[in-house]
Amino acid sequence: MRAINIPRDGLPVTTARDMARDDSISGRFTLKTEVVVIGSGAGGSMVAWELARAGRQVLVVEAGPYHPSSAFTEHLGDTMTEIYREQAAQLNSTADVLFPEGACVGGSTVIGACVMQQPPDSVFRRWSEELGLKNLAPQVIKPLFDEVGREQYVHLNEAHEINTTAHKVIQGCERMGFSWKPVSRNVRQCALTGHCLAGCPSDRKMSALVTHLPWAVGHGARVMADTEVTRVLIRNGRAYGVEAVVRDPRTRQKVADLRIDAEVVVAAGGAIQTPLLLQRSEIPDASGQLGKNLAVQPFVQVLARFREELHGFRGALVGVEIDEFIETDGYMFFSALAEPEQLMIQGNQGAGPDHINFMKSYKHLAGLNAFAIDEGRGEVKWKGSHTDGRKVISWNPSRAEFEKLKHGASLASRVFFAAGAEEVYLPSFQRLSAPSVFDLDARLDEITYGVRGMYSLRINSFSSHGTCRMGVDRYHAVTNARGEVYDVKGLFVADASLLPEPMASAPHWTVQTLAKQVAQGIHARGQELFLKG
Amino acid sequence: MTSSPESDRAAAHQAAAPMAALSRRRFLKTALLGSAGLAVLAGGTFAVLRRSPVDGMAVPDTIRHLSHGEYHLFRRATEVLLPVAGTPLTPLSEVPVLAHIDAMMGLLPAHLRKDVSAGLALFDNAAVVSGWHGRRFVDLDDNAAVAYFDRWSRGHVIQRTLNAVIKQFVYVSYWRDPKTWPPVEFDGPVSDRWGIAYLGNAPLPDESALPQTVENRT
């Protein structure tokens, strides 16, 4: 029996600074491992743990910095600067849709709101029966969901984890007859600080930083930060490693060029970064679907002002969800109220006295985020050479998606009016609010589609997926049902890119479950994939 | 305020994000620069009206990145957008909004900085003809200036973009400062204050149901 030593806190991570100080490392060096995992978020950390505990030699490479929990300040501005991708300004090509994403060891699990949702069985039945993905049949995948849930304290919010914002949503739902339930979250003994988006300094959030990464390290995996993989190395239809650049996270100066020879390569950078990497690597793409089918789960935030003081920014950030419309219309609603600086970025503000009155009423506000399933028509594309090109995220709402989001905003507004709101602020690039439910439709009519829906509704996305979709037909999908890229043996995807269709469910839990399945599939094919079997 | 250059850079990118879209989209950029030229021309036509008392006003030595015109535009925008005097909100004298904007502006990439500059000039000068104010934005009285913002917030894409950029620079610079939080009862960081215990890494789950390891198999 092996002794497994899990660090008490923090992680042994090799950083650019470590490499710069190491005289034995020149400007270019090579490492060897059995498995290289690109990305350390929900998918990458799960693969690393599963394969490390199965006895494989695993190296995790993360483009972002290592930011230990002890460094979190609970100041969102600081956190966005340090560990959000592009300092929280990752945008679509028209710069009106924001795609916040973690760019650090632990990825988006570090900055997420802990929301864990399982898609309904009907989704898995469809994927199994109509798309032929038998590995996703409910009886196959649901036990894996349960396993993932047990690993990280996933539980329904208890009464003390439901804050005043959430209680207003409950009141509204009860009066409207809408079904609601406490949100499931992966957190242990939540301290109710409300600072989830700025990282959890007391390590209560079950991010990869405190779960699968330290567990993988306990089984011998190594983790490198500040290391950006520029391309996957492929020869004769077989992946055999990656090329990467190590950069100082502060100065962006190159510290070293790195080559990692590996028998299995697992791309787990998320639905935006992974297709970009595979495009830079010029993988064969018989389906022509690489980077396409981007689904973004767009959401808009409706704010409401109540007569009483709520202090709705206190307590667990996300308390309850409205689950009335998930299966029928593809809507998800989550209660949440952002901190002041984030409000300035997320929503359009009035001018002068209007803004002052709005902020004076901050403690009277409640927030409800309306997510809608989209059509998955977006695209992520790398333009230029693999060393100095740039990414382009193309997603603007179709007219149907626009109307759907607007209807979501309408439903959220009605929930708040039913709960007694005195005014509802609509998610528009114009400054729009409705003083009563009787004025709501007229105000919503002022939000028009215009040109490609640009600068009209205020839209954000936390949950991109589908850009390397899995499928049983190599002319229709990027990876097979095992997550292996068609025509490139030994190259796997283990993140939200894999999802075969747009999904109306927060993807974190699904991504971890798929990653577990991919890792177990790699392990089961050890004789075929690894030299030592 | 614990503001670092990196933190300022992040805020600057967020505030200027709408302008980045214009910069990337050539037809809008052309329209923006064309409109700016037109506004300047129009302002030139009404040269007497276009002169402003602020042209003779000084700029503090501490301002390093904002031009004379930009400084006074943001100074006026801050007064108009944040009329906190007589309210419980933190006075502008305690929050260095213009210094924050100056620092943020200095961190924008050169191409974006140039376009923001053109946009700001357009916003200021277009008031001469837009709404027939007959004077630049910096010279509008409070009510007219608020109405100007409101009108641009409902205008075409370029107007909505510039309205959003200026507001975001001003509002983010104010509200990211912790001194502004107590009046709205936002708690800010609490873990240390509340003495919340640190839990460390999660314990390893029961691995007895592991898939068979390589070592076990061989």
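J.: Which parts of the structure should I look at to understand the interface of chain A and chain B?
T.: Quite often, the size of an interface is put as the accessible area lost when its parts meet. On the side of chain B, 65 residues touch chain A, which itself brings 78 residues to the contact. The junction of chain A with chain B conceals about 6,100 Å² of combined surface from both sides, 58% of it contributed by carbon and sulfur atoms. The three residues of chain A that bury the most area against chain B are Gln 87, Ile 356 and Tyr 455 of chain A, which together make up 10% of that side's buried surface. Where chain A touches chain B, the interface holds 23 residue pairs in polar contact (both at pLDDT 80 or more). Those elements that place two or more of their residues in the side of chain A that touches chain B are helix H2 (42–53), helix H3 (76–83), helix H7 (212–218), helix H10 (340–346) and helix H11 (353–360) of chain A. When residues of the side of chain A that touches chain B are assigned to their parent elements, the largest contribution, five residues, is made by H11 of chain A. Looking at the side of chain A that touches chain B, its residues break down into 31 nonpolar, 26 polar and 21 charged.

J.: I would appreciate a short explanation of the side chain of Gln 297 of chain A in the present structure.
T.: Residues and elements named next belong to chain A. Relative to the assigned elements, Gln 297 resides in the loop between helix H8 (270–280) and strand E12 (299–305). Gln 297 gets classed as buried once you look at its relative accessible area, which sits at 1%. Within the structure, Gln 297 has its side chain in polar contact with the backbone oxygen of Ser 505 (distance 2.6 Å).

J.: Would you take a moment to explain the environment of Ala 118 of chain B for this structure?
T.: Mapped onto the secondary structure, Ala 118 of chain B falls in helix H6 (residues 110–126). Remark: the alpha-carbon pair of Ala 118 of chain B and Arg 75 of chain B, spanning 43 residues in sequence, is separated by 17 Å.

J.: Please explain the nonpolar core as it appears in this structure.
T.: Most often, soluble globular proteins have nonpolar side chains that are buried together. Core analysis: the biggest nonpolar cluster contains 91 residues, and Val 58, Val 232, Val 266, Leu 278, Leu 491 and Ile 522 of chain A have the highest contact counts within it. If one sorts the elements of this core by residue count, strand E11 (residues 254–267) of chain A sits on top with eight residues. Those residues within four positions of Val 232 of chain A in sequence are excluded, and the remaining contacts are Ile 38, Ala 239, Gly 241, Val 242, Val 265, Leu 277, Leu 278, Ser 281 and Leu 491 of chain A. Judged by nonpolar contacts, the second largest core, of 69 residues, contains Ile 63, Ala 144, Leu 162 and Val 172 of chain B.

J.: Explanation requested: a positive patch on the surface in the structure shown.
T.: There is a patch of like positive charges on the surface, built from Lys 292, Lys 381, Lys 383 and Arg 390 of chain A. Inspection of the secondary structure puts Lys 292 of chain A in the loop between H8 and E12.

J.: In this structure, what is going on with the pattern of salt bridges? I would like to understand it.
T.: Opposite charge on two side chains permits them to pair, given that their charged atoms come into close proximity. Overall, the coordinates contain 41 salt bridges over all chains when judged by the stated rule. The residue Arg 314 of chain A makes a salt bridge to Asp 187 of chain B at a minimum N-O spacing of 2.6 Å. On the criterion of chain membership, the pair formed by Arg 314 of chain A in the loop between E12 and strand E13 (320–322) and Asp 187 of chain B in the loop between helix H8 (157–175) and helix H9 (191–194) is interchain, its members lying in two chains. Notably, a salt bridge pairs Arg 474 of chain A with Asp 487 of chain A, separated by 2.5 Å at the nearest N-O pair. A residue pair is termed long-range when its members are at least 10 positions apart, and Arg 474 of chain A in the loop between strand E20 (459–460) and strand E21 (491–493) and Asp 487 of chain A in the loop between E20 and E21 qualify at 13 residues. Accessibility expressed as a relative area gives 27% for Arg 474 of chain A, which makes it partly exposed. Taken together, the shared-partner salt bridges connect Glu 50, Arg 53, Glu 147, Glu 151 and Lys 516 of chain A into one network.

J.: Explanation requested: the environment of Glu 339 of chain A in the structure shown.
T.: The topology assignment puts Glu 339 of chain A in the loop between strand E14 (331–335) and H10. With a relative accessible area of 10%, Glu 339 of chain A lands in the buried category. Placed 107 residues apart in sequence, Glu 339 of chain A and Glu 446 of chain A show a C-alpha to C-alpha distance of 27 Å. The contacts of Glu 339 of chain A, once residues within four sequence positions are left out, are Leu 76, His 195 and Tyr 362 of chain A together with Phe 186 of chain B.

J.: Can you help me understand H11 of chain A in this one?
T.: Side chains of residues three or four places apart in an α-helix project in the same direction, reflecting 3.6 residues per turn. By the burial criterion, the buried members of H11 of chain A are His 355, Ile 356, Phe 358 and Met 359 of chain A. Looking straight down H11 of chain A, one finds its buried side chains confined to an arc of 160°; they lie on one side. The inward-facing, buried residues of H11 of chain A abut E12, H10, strand E15 (365–372) and strand E18 (423–426) of chain A together with helix H4 (68–81) and H8 of chain B.

J.: Looking at this structure, I do not really get the packing of H4 of chain B against H6 of chain B. What am I missing?
T.: If you want to describe how two helices pack, look at the angle between their axes and the distance between the axes. Residue and element names in this part refer to chain B. At a minimum axis distance of 10 Å, the contact between H4 and H6 shows a crossing angle of 60°. Taken together, H4 and H6 sit at an angle that is classed as oblique. The element H4 and its partner H6 pack so that their crossing is left-handed. Residues Glu 70, Leu 73 and Phe 74 of H4 touch H6, and the partners they reach there are Arg 113, Ser 117, Leu 120, Phe 123 and Asp 124. A class-by-class count of the residues in the contact of H4 with H6 yields four nonpolar, one polar and three charged.

J.: Hey, could you run me through helix H7 (residues 142–153) of chain B in this one?
T.: Under the 1.5 Å per step criterion, the end-to-end length of H7 of chain B is 17 Å for 12 residues, consistent within 8% with the ideal 16 Å. Buried residues of H7 of chain B: Ala 144, Ala 145, Val 146, Tyr 148, Phe 149, Trp 152 and Ser 153 of chain B, and no others. Summarising the contacts, the buried residues of H7 of chain B are in contact with H11 of chain A together with H4, H6 and H8 of chain B. Taking the backbone nitrogen of Asn 143 of chain B as reference, a side-chain oxygen 3.2 Å away marks Asp 141 of chain B as the first, capping residue of H7 of chain B.

J.: What am I meant to see in the pairing of E12 of chain A here?
T.: All names here are of chain A. Of all seven residues in E12, six are buried; the element is thus mostly enclosed. Two strands pair when backbone bridges link them, and E12 and E15 are joined in this way by seven bridges, in the antiparallel orientation. Residue pairing in the sheet places Ala 304 in a bridge with Ala 366 of E15. Where E12 and E18 come together, three bridges link them in antiparallel fashion. Bridge pairing in E18 links Arg 305 to Glu 423.

J.: I keep staring at the packing of aromatic side chains and nothing clicks. Help me out?
T.: All chains considered together, the criterion is met by 28 aromatic pairs over all chains. Measuring from centroid to centroid gives 4.5 Å for Phe 299 of chain A and Phe 371 of chain A, while their planes differ by 25°, and the two rings are stacked. Taken together, the residues Phe 299 of chain A in strand E12 and Phe 371 of chain A in strand E15 connect sequence positions 72 residues apart. With a relative accessible area of 0%, Phe 299 of chain A lands in the buried category. These aromatic residues form a ring-pair network of at least three members: Phe 123, Phe 137, Tyr 148, Phe 149 and Trp 152 of chain B. Here the basic side chain of Arg 280 of chain A rests over the ring of Trp 382 of chain A, its NZ or CZ set 4.6 Å away from the ring centre. Just above the ring of Tyr 475 of chain A sits the side chain of Arg 474 of chain A; from NZ or CZ to the centre is 4.8 Å.

J.: Would you mind showing me how to read the packing of H6 of chain B against H7 of chain B here?
T.: Residues and elements named next belong to chain B. Running from amino to carboxyl end, H6 crosses H7 at an angle of 120°, the nearest separation of the two axes being 11 Å. Of the possible angle classes, the one that applies to H6 and H7 is oblique. In the packing of H6 onto H7, the handedness of the crossing is right-handed. Taking contact as the criterion, the partners of Leu 122, Phe 123 and Ala 126 in H6 are, on H7, Tyr 148, Phe 149 and Trp 152. Tallied by class, residues from the contact of H6 with H7 come to six nonpolar, no polar and no charged.

Definitions and limits used
- Residues numbered from 1 in each chain as written.
- Chains lettered and ligands numbered in written order.
- Predicted model: local features only at pLDDT ≥ 70, side-chain atom pairs only at ≥ 80, totals over all residues.
- Heavy atoms only, no water.
- Contact = heavy atoms within 4.5 Å.
- Buried area = accessible area lost by both parts, 1.4 Å probe.
- Polar contact = N/O pair within 3.5 Å; in protein donor to acceptor, adjacent residues only side chain to side chain.
- Helix = DSSP H or I, 4+ residues; strand = E, 2+ residues; numbered from the N terminus.
- Nonpolar A, V, L, I, M, F, W, Y, C, P; charged D, E, K, R; others polar.
- Buried < 20%, exposed > 50% of the residue type's maximum accessible area, 1.4 Å probe, protein only.
- Core = buried A, V, L, I, M, F, W, Y, C linked by side-chain atoms within 4.5 Å.
- Patch = residues over 30% accessible without salt bridge, like charges linked within 9 Å, V, L, I, M, F, W, Y side chains within 5 Å.
- Areas by Shrake-Rupley, 256 points an atom, 1.4 Å probe, with all protein chains shown as cover.
- Salt bridge = Lys/Arg side-chain N within 4 Å of Asp/Glu carboxyl O.
- Lys, Arg positive; Asp, Glu negative; His and termini not counted.
- Charge placed at Lys NZ, Arg CZ, Asp CG, Glu CD.
- Arc of directions from axis to C-beta.
- Axes fitted to C-alpha atoms, helices over the stretch in contact; angles between N-to-C directions.
- Parallel < 35°, antiparallel > 145°, perpendicular 65-115°, else oblique.
- Left-handed = near helix turned anticlockwise from the far one by under 90°.
- Expected span 1.5 Å × (residues − 1).
- Pairing = 2+ DSSP bridges.
- Phe/Tyr/Trp six-rings, centres within 6.5 Å; stacked < 30°, edge-to-face > 60°.
- Lys NZ or Arg CZ within 6 Å of the ring centre and 35° of its normal.

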